[in-house]
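Below are the chains, spelled out letter by letter.
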Amino acid sequence: MEKKIEYTNGELTIVWQPELCQHAGVCVKMLPEVYNPKDRPWVKPGNATTEQLIAQINKCPSGALSYKLNNKG
């Protein structure tokens, strides 16, 4: 079973699958305030808007990052 780690900002949940990650660095380059491999947790989705997160996740070349929109109420 593939490992999946989730991070949320309330509106959106980022799903990270480490086994798929190719470490291309697109996430870190696009949103360094969100993705910092030296921090724990390394993903801080509250540091960007939902729209910024979606735009960045859609550029992940390996598909290691995906997202799901959370139900509002």
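Counting from 1, residues in each chain are numbered in the order their sequence is written. Local features in this predicted model are restricted to residues whose pLDDT is 70 or higher, and side-chain atom pairs enter the listing and the counts only when it is 80 or higher, whereas totals over whole chains, interfaces and linings include all residues. Processing note: side-chain calculations cover all non-hydrogen atoms of the structure and skip hydrogens and water entirely.

Naming follows an unreviewed UniProt entry, where the protein chain appears as Divergent 4Fe-4S mono-cluster domain-containing protein of Dysgonomonas gadei ATCC BAA-286.

Burial classes follow relative accessibility: with a 1.4 Å probe on protein chains only, a residue under 20% of its type's maximum area counts as buried, one over 50% as exposed, and anything between as partly exposed. Here a strand is any run of E in DSSP of at least two residues, a helix any run of H or I of at least four, and the numbering for each starts at the N terminus. Along helix α2 (residues 50-57), the positions that sit buried rather than exposed are Thr50, Leu53, Ile54, Gln56 and Ile57. For α2, the angular spread of buried residues about the axis comes to 165 degrees, placing them on one side. Here the arc refers to the directions that run from the helix axis out to each C-beta atom.

Working definition of a nonpolar core: buried Ala, Val, Leu, Ile, Met, Phe, Trp, Tyr and Cys residues. They are joined through side-chain atoms within 4.5 Å. In this structure, Ile14, Val34, Tyr35, Trp42, Val43, Leu53 and Leu65 are the most contacted members of the largest nonpolar core, which totals 17 residues. For this core, the elements supplying multiple residues, two or more each, are β2 (12-16) and α2. Note on contacts: a residue pair qualifies if any of its non-hydrogen atoms lie within 4.5 Å across the two residues. If we skip the residues at most four places from it in the chain, Tyr35 touches Ile14, Cys27, Val28, Trp42, Val43, Leu53, Gln56, Ile57 and Leu65.

This next bit is on the environment of Cys21. Locating Cys21 in the fold gives a position in the loop between β2 and α1 (26-30). C-alpha separation for the pair Cys21 and Gly63, spaced 42 residues apart in sequence, amounts to 7.4 Å. If we ignore the near neighbours within four places in the chain, the residues touching Cys21 are Trp16, Ser62 and Ala64.

Now for the side chain of Ser62. Structurally, Ser62 can be placed in the loop between α2 and β3 (65-69). At 3.3 Å, the side chain of Ser62 forms a polar contact with the backbone oxygen of Leu20. Within the structure, Ser62 has its side chain in polar contact with the backbone nitrogen of Ala64 (distance 3.2 Å). With residues near it in sequence (within four places) discarded, Ser62 still touches Leu20, Cys21 and Gln22. Polar contact is defined as a pair of N or O atoms within 3.5 Å, subject to the rule that within protein one atom must be able to donate a hydrogen and the other to accept it, and that residues adjacent in sequence are counted only when both atoms are side-chain atoms.

Take unusual backbone geometry next. Geometrically, the link from Arg40 to Pro41 is a cis peptide bond, its omega value of -5 degrees lying close to zero. Within the secondary structure layout, Pro41 lies in the loop between α1 and α2. Even without a glycine there, the phi angle at His23 is positive, about 55 degrees.

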